[in-house]
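If you want the building blocks of each chain, they are given just below.
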Amino acid sequence: MTVYVGVEDLCRLVASIGMEPFIQGIADRLESDFRRWEEFDKAPRYASHSPDGVIELMPAADRRRFSFKYVNGHPKNTRLGLQTVAAFGVLADVDTGYPVLLSEMTLLTALRTAATSALAARYLARPGSRTMAVIGLGAQSEFQALGFRALLGIDRLRIWDTDPAAIAKFRANMATLGFQVVAASSAPEALLGADIVTTVTADKAKATILSDNMVGAGIHINAVGGDCPGKTELAPAILSRGSVFVEYPEQTRIEGEIQQMPADFPVTEIWRVIAGKAVGRSADDEITIFDSVGFGIEDFSALSYVHALIEGREDLRRLDLIVKPSDPRDLFSLVRQYQPEQQAA
């Protein structure tokens, strides 16, 4: 039987631990997994694109566990009352091939994305950073704020979105959480005085959310929204001025901000910085850019973290996803027991 963690199960689990400690827990597991990056089987995600969005499968595996996530990205979904991103994931035992966990991953993806962003910023942002601009206030924005506070101590937010309702939603959600929130009248205004800027817009378009003249020396850019071919947020000149860090170059060159750049544009894999094999920020006035598109090892880490938290619990549902005939070689017998008795001729 496979343990099932549904939406309500995960919400209760997060509530029992606390949102920021939960994000910190994923980040700790992710940091540990990034340090053993070379032990993983890795591949760019499979993506099926349509005019309105994309459906993807994101796999990763080490010697003990295999994971994959099914996830979509359909910006128009909000107009239909649906999530832009919806996902579920599986963690399986490598020795048997049997799934040990089936989990919702819409919420978990938001949590692990916040953990990944904040973990990268801990290695790339200037020490003492306290103010973050957030451009794009959709479903991911609040999680980003909490993740950056949990890992970096960010407590001042400068926000902007083209939709006033999104600004009101964000302010209402953050009202009692202890942040100082300033709603700007434009993206350039939001960046004034910011140490870090997170861009997390949803439109599937080559957009210029940040233009070159908006980005001053020393800022760290957490570019989250660009995550598929034809979808970007940063002006190419920003990439040329800064040091760019990515998860998996083979995937990011197709889907990330660097899809705008030549094939040999230099980047550094963030796992190498975390593992001490490469330098992150080297000067206070350096512009650092985390060109994040999401990668399967991050989902592996999040699913592994959840599985460790629930191990041994008997109150969660089990699903009979895998058949269990009395004789493993006699699969046909399982079907026969449900067939009506055959009448003799």
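Our subject is the structure listed above.
Residues numbered from 1 in each chain as written. Predicted model: local features only at pLDDT ≥ 70, side-chain atom pairs only at ≥ 80, totals over all residues. Heavy atoms only, no water.

Peer 1: What's the story with the overall build of the protein in this structure? I'm lost.
Peer 2: Looking only at helices and strands, one finds 11 helices and 17 strands in the protein. Taking 2.2 N^0.38 as the reference for a compact globule, 345 residues should give roughly 20 Å; the C-alpha atoms of the protein span a radius of gyration of 22 Å, in line with that estimate. Overall, the C-alpha framework of the protein stretches about 85 × 45 × 40 Å when taken along its three principal axes. In the protein, which comprises 345 residues, the proportion classed as buried is 52%. Taking the contacts inside the protein whose residues are at least 6 apart along the sequence as the reference set, 71% of them involve residues at least 24 apart. On the protein, roughly 16000 Å² of surface is accessible, and the fraction owed to carbon and sulfur atoms is 53%. In the protein, which carries 35 positive and 44 negative side-chain charges, the distance between the mean positions of the two groups comes to 2 Å. (Helix = DSSP H or I, 4+ residues; strand = E, 2+ residues; numbered from the N terminus. Rg over C-alpha atoms; globule rule 2.2 N^0.38 Å. Buried < 20%, exposed > 50% of the residue type's maximum accessible area, 1.4 Å probe, protein only. Contact = heavy atoms within 4.5 Å. Areas by Shrake-Rupley, 256 points an atom, 1.4 Å probe, with all protein chains shown as cover. Lys, Arg positive; Asp, Glu negative; His and termini not counted. Charge placed at Lys NZ, Arg CZ, Asp CG, Glu CD.)

Peer 1: What should I look at first to understand the pattern of salt bridges in this one?
Peer 2: Oppositely charged side chains can form a pair if their charged atoms are brought close together. Enumeration according to the criterion identifies 22 salt bridges in this entry. The closest approach of N and O atoms between Arg-149 and Glu-20, which form a salt bridge, is 2.7 Å. Placement of Arg-149 in helix α4 (residues 141-152) and of Glu-20 in helix α2 (residues 19-35) is noted, with a sequence separation of 129 residues between them. The partly exposed category is assigned to Glu-20, whose relative accessible area is 22%. The partner of Asp-195 in a salt bridge is Arg-126, and the shortest N-O contact between them spans 3.3 Å. In this pair, Asp-195 sits in the loop between α6 (187-190) and β10 (196-199) while Arg-126 sits in the loop between α3 (106-124) and β7 (131-135), placing the two residues 69 residues apart along the sequence. In this structure Arg-126 comes out as partly exposed when scored by relative accessible area, which is 23%. Each of Arg-29, Asp-33, Arg-36, Glu-39 and Asp-62 takes part in a single network of salt bridges with overlapping partners. (Salt bridge = Lys/Arg side-chain N within 4 Å of Asp/Glu carboxyl O.)

Peer 1: Even after reading the chapter, I still don't get the side chain of Thr-116, so can you show me in this structure?
Peer 2: Relative to the elements of secondary structure, Thr-116 occurs in helix α3. Ignoring any residue separated from it by four or fewer positions in sequence, one finds Thr-116 in contact with Leu-30, Glu-247, Phe-290 and Glu-298.

Peer 1: Is there a simple way to explain a nonpolar patch on the surface in this structure?
Peer 2: Together, Tyr-98, Leu-321, Ile-322, Val-323 and Leu-331 line one region of the surface with nonpolar side chains, adding up to about 460 Å² of accessible area. Take Val-323: it is sitting in the loop between β17 (317-319) and α11 (332-336). (Patch = residues over 30% accessible without salt bridge, like charges linked within 9 Å, V, L, I, M, F, W, Y side chains within 5 Å.)

Peer 1: For this particular structure, what's the right way to read the packing of helix α1 (residues 7-17) against helix α10 (residues 296-310)?
Peer 2: At a closest axis distance of 12 Å, the pairing of α1 and α10 adopts a crossing angle of 75°. In terms of their interaxial angle, α1 and α10 are classed as roughly perpendicular. For the pair α1 and α10, the contacting residues are Leu-10, Leu-13 and Ile-17 in the first and Tyr-305, Val-306, Leu-309 and Ile-310 in the second. Looking at the contact of α1 with α10 residue by residue, the class counts come to 7 nonpolar, no polar and no charged. (Axes fitted to C-alpha atoms, helices over the stretch in contact; angles between N-to-C directions. Parallel < 35°, antiparallel > 145°, perpendicular 65-115°, else oblique. Nonpolar A, V, L, I, M, F, W, Y, C, P; charged D, E, K, R; others polar.)

Peer 1: Is there a simple way to think about the pairing of strand β6 (residues 99-104) in this case?
Peer 2: Across a regular strand the side chains alternate sides, sitting on one face of the sheet and then on the other. Burial analysis of β6 places 5 of its 6 residues in the buried class, which makes it a mostly covered element. Inspection of the sheet shows strand β1 (residues 2-5) paired to β6 by 3 bridges, in the parallel sense. In the sheet register, Val-3 faces β6, and the bridge partner there is Leu-101. The sheet contact formed by strand β5 (residues 87-93) and β6 spans 5 bridges and is antiparallel. Considered in β6, the bridge of Val-90 is made with Leu-102. (Pairing = 2+ DSSP bridges.)

Peer 1: Is there a simple way to think about the pairing of strand β14 (residues 243-246) in this case?
Peer 2: Where β14 lies against strand β16 (residues 288-291), 4 bridges are found, and the strand directions are parallel. Across the sheet, Ser-243 pairs through a bridge with Thr-288, a residue of β16. Pairing of β14 with strand β15 (residues 268-269) involves 2 bridges; the strand directions are parallel. Its bridge partner being in β15, Phe-245 is matched across the sheet by Thr-268. Crossover connection from β14 via helix α8 (residues 249-255) to parallel β15: handedness right-handed. (Right-handed = clockwise from strand over helix to strand, strands pointing away.)

Peer 1: It is not clear to me how the packing of α3 against α4 should be interpreted in this structure. Could you clarify?
Peer 2: Helix packing for two helices is described by the angle between their axes and how far apart those axes are. The geometry of α3 relative to α4 is characterised by a closest axis approach of 8 Å and an angle of 40° between their N-to-C directions. The orientation of α3 with respect to α4, classified from their angle, is oblique. Viewed along their axes, α3 and α4 form a crossing whose handedness is right-handed. Residues Leu-107, Ala-110, Leu-111, Thr-113, Ala-114, Ala-115, Ser-117, Ala-118, Leu-119, Ala-121 and Arg-122 of α3 form the contact with α4, whose participating residues are Phe-143, Gln-144, Gly-147, Phe-148, Leu-151 and Leu-152. (Left-handed = near helix turned anticlockwise from the far one by under 90°.)

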